[in-house]
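Architecture at a glance
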Amino acid sequence: MILRLAFGSLLARALTVTMTVLAIALSVALFLGVEKVRTGAKASFADTISGTDLIVGARSGSVQLLLYSVFRIGNATNNVTWQSYLDISARPEVDWIVPISLGDSHRQFRVMGTTLGFFEHYKYRRDRGLEVAEGKLMADLFDTVIGADVAQALGYQIGDPIVVAHGIASFTEHKDQPFRVAGILEKTGTPVDRTVIVSLQAIEAIHVDWQSGAKIPGKTTPADKIRQMDLTPKAVTAALVGVTSPLKTFALQRKINTYPEEPLLAILPGVALQELWGIVGLAETALLAVSVMVVITALIGLMATLFASLNERRREMAIYRAMGASPRVILGLLVLEALMTTLLGALIGLAMLYLGLWIAQPLVDSAFGLYLPIEPPGLRELGVLAGVIAAGAIVSMLPALRAYRLSLADGMMVKT
Amino acid sequence: MAPIISLQDVQFRWPGRTGFGLSVPQFELARGEAVLLLGASGSGKSTLLSLIGGTVLASQGTVRVAGEDIASLPGGRRDRFRAEQIGMIFQQFNLLPFGSVLDNITLPLRFAPERRKRAGDVQRAAAGLCAALALPEGLLTAKAATLSVGQQQRVAVARALIGTPPLLIADEPTSALDETAQGQFLDLMFQQIRAQRSGLLMVSHDPRMADRFDRVIEMADFLHVERPAA
Ligand SMILES: Nc1ncnc2c1ncn2[C@@H]1O[C@H](COP(=O)(O)OP(=O)(O)O)[C@@H](O)[C@H]1O
Ligand SMILES: [Mg+2]
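Basis of the calculations
- Residues numbered from 1 in each chain as written.
- Chains lettered and ligands numbered in written order.
- Predicted model: local features only at pLDDT ≥ 70, side-chain atom pairs only at ≥ 80, totals over all residues.
- Heavy atoms only, no water.
- Contact = heavy atoms within 4.5 Å.
- Buried area = accessible area lost by both parts, 1.4 Å probe.
- Salt bridge = Lys/Arg side-chain N within 4 Å of Asp/Glu carboxyl O.
- Polar contact = N/O pair within 3.5 Å; in protein donor to acceptor, adjacent residues only side chain to side chain.
- Helix = DSSP H or I, 4+ residues; strand = E, 2+ residues; numbered from the N terminus.
- Nonpolar A, V, L, I, M, F, W, Y, C, P; charged D, E, K, R; others polar.
- Domains from an automatic or database assignment.
- Pairing = 2+ DSSP bridges.
- Axes fitted to C-alpha atoms, helices over the stretch in contact; angles between N-to-C directions.

1. Points about the interface of chain B and chain A
- With 28 residues of chain B in contact, the opposing surface of chain A contributes 26 residues.
- Of the roughly 2400 Å² buried between chain B and chain A, counting both surfaces, carbon and sulfur atoms make up 71%.
- Per-residue buried area on chain B facing chain A is highest for B:Phe90, B:Phe98 and B:Phe111; these three make up 26% of the total on that side.
- At the boundary of chain B with chain A, the tally comes to 2 salt bridges.
- Linking B:Asp103 and A:Arg4 is a salt bridge whose minimum nitrogen-to-oxygen distance equals 2.5 Å.
- Counting across the interface, chain B meets chain A through 4 residue pairs in polar contact (both at pLDDT 80 or more).
- When residues of the side of chain B that touches chain A are assigned to their parent elements, the largest contribution, 6 residues, is made by helix H3 (residues 101-111) of chain B.
- By residue class, the composition of the side of chain B that touches chain A is 13 nonpolar, 8 polar and 7 charged.

2. As for the domain arrangement of chain A
- As assigned here, chain A comprises domain 1 (2-45 + 283-412) and domain 2 (54-267).
- Computed over C-alpha atoms only, the centres of domain 1 of chain A and domain 2 of chain A are separated by 53 Å.

3. A closer look at the sheet that holds strand E6 (residues 86-89) of chain B
Residue and element names in this part refer to chain B.
- Spatially, the 5 strands line up as an open sheet ordered E6-E7-E8-E3-E9, and their pairing is parallel. Every other strand in the sheet has two partners, leaving E6 and strand E9 (215-218) as the edge strands with one partner each. Direction aside, neighbouring strands of the sheet carry axes that sit 15 degrees apart on average.
- Contacts from helix H6 (residues 149-161) reach E6 and strand E7 (167-171), with the element oriented near 170 degrees to E6.

Structure, rendered in structure tokens:
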């Protein structure tokens, strides 16, 4: 009966209570949402590349190498000579090696020269490989395979011609060698989606009539003549390496890092990803801190409404007291009320989270390649909810103690 | 049997700046006796009732209800003792407006197990009291806030009577009612307390209803008010 009366009292103040519940619900939904995005981003970030044991490039920072070789952000300061590449491939620890040549672009997308091995060995989300959605892999020198975002953004179909520009965001386009879209990849949520992939030889072909970044005046070599030429590259930007046994990874890494002919750097993708996350994750942590603040604000709001309600409820308290309720019952009533408010808020917040996820999941997936799984609340979420409810009870102790003291001081007759 | 109320050399003062205080050398109310206590507004009538109800405690002297020195009871037991022994009626706003009439009537039983046992079938008891107090049938499930003031006061009487506590305390219960409603209210209340043989201490500033009571006393006759020198 007391429970029913406490609930009735809440209903009688439906407007203010609704506002408080809403504030708590929103803050809980925001907090859980940020948490969800954070873990989702972290997971999908860590899942960008897997199955590769080492990434090799010219000596620079490990984060920088990771950024340009995997995320296509920034540029390599130096290349790896073809000879070094061959030397590394010849090492007994190497199971497979895939060269990557970067530096050209198509519209806003990066062009990457590589071998067919890339499609075989590049893995993401632990063991997922690249799949061709339409068309097929490169068979001809001027064939390209484009990522899902490239196809979608530029509206490309199989067979469409493509012009590759030298340098990034440069306006000097390699007009003479029209490439062709041979295949479109399935969406992966990785930077591959935003990449135009060509063969290593194609990168050489583009630059036949070019020297130090400028076109040699008056010189245009016809495509069929280019096909006859030796298109072995002189250098590559980076290489992905798989070792024969995980135990050999460190030995190979040491060998490459101390390669005498050229300053090279070999990194473990997992370690570099973590290092990079340490930088990127800072923003996420700040976001989390903000959403914690929002939860705290909502709880302070709860406390404020409880304090404000004390005055209008002095008579209610006096009636309880006169009917034999001890001040402890009064205290319990307020804490109970706070519990009901936060519980309701937390549940509505949870519902809002799932509704939001349900709406946002496909959008976020297609826009950012970020997959947010819709799962029943895990231990972590339940812990957060329990924490918020407990915090609500604790926060309500202050007004409850005040009610306790008031009900002792008032006696049972409150002046009207 | 001990008198239902007995005050001996009681002194009390409100904390804070108002500093209103009162002292009662001696006051008694026999079991089943109906006493009207007359006093001007601000003369300390409600304060005296709070002392008897045990929500505030005297600094000196003893307040006994049904022979029990209420100051000697620990806080929780004193609250329960109040619920067991005393039915309480205020001037107005007696009820929890958001609760049903039934919930309001049975509220004291929640804190008084003995009284609940005496009430027997709680719902029947509540319905019986409502009928005896001329409240329309089917009112039990209505929300208290939807009742007229006169009905609310009668529901308060039903709440004070349920489980037949030996003492009723009424703090100007008729001052919010018009004259005809006052008469009807008093008729019904007296019928019930006489039937239950409960004692009644009612305070008022209105001497017109005096003839219904066994005894009428003026505050000034037995009680000193102490006001701090301004
Ligand atoms: N809860 C309280 N705290 C402090 N002073 C009070 C309190 N209740 C009443 N008083 C003081 O006691 C005096 C008498 O009030 P009260 O007992 O309500 O008189 P009455 O009921 O006869 O009108 C008032 O002047 C008031 O200042
Ligand atoms: Mg009064």
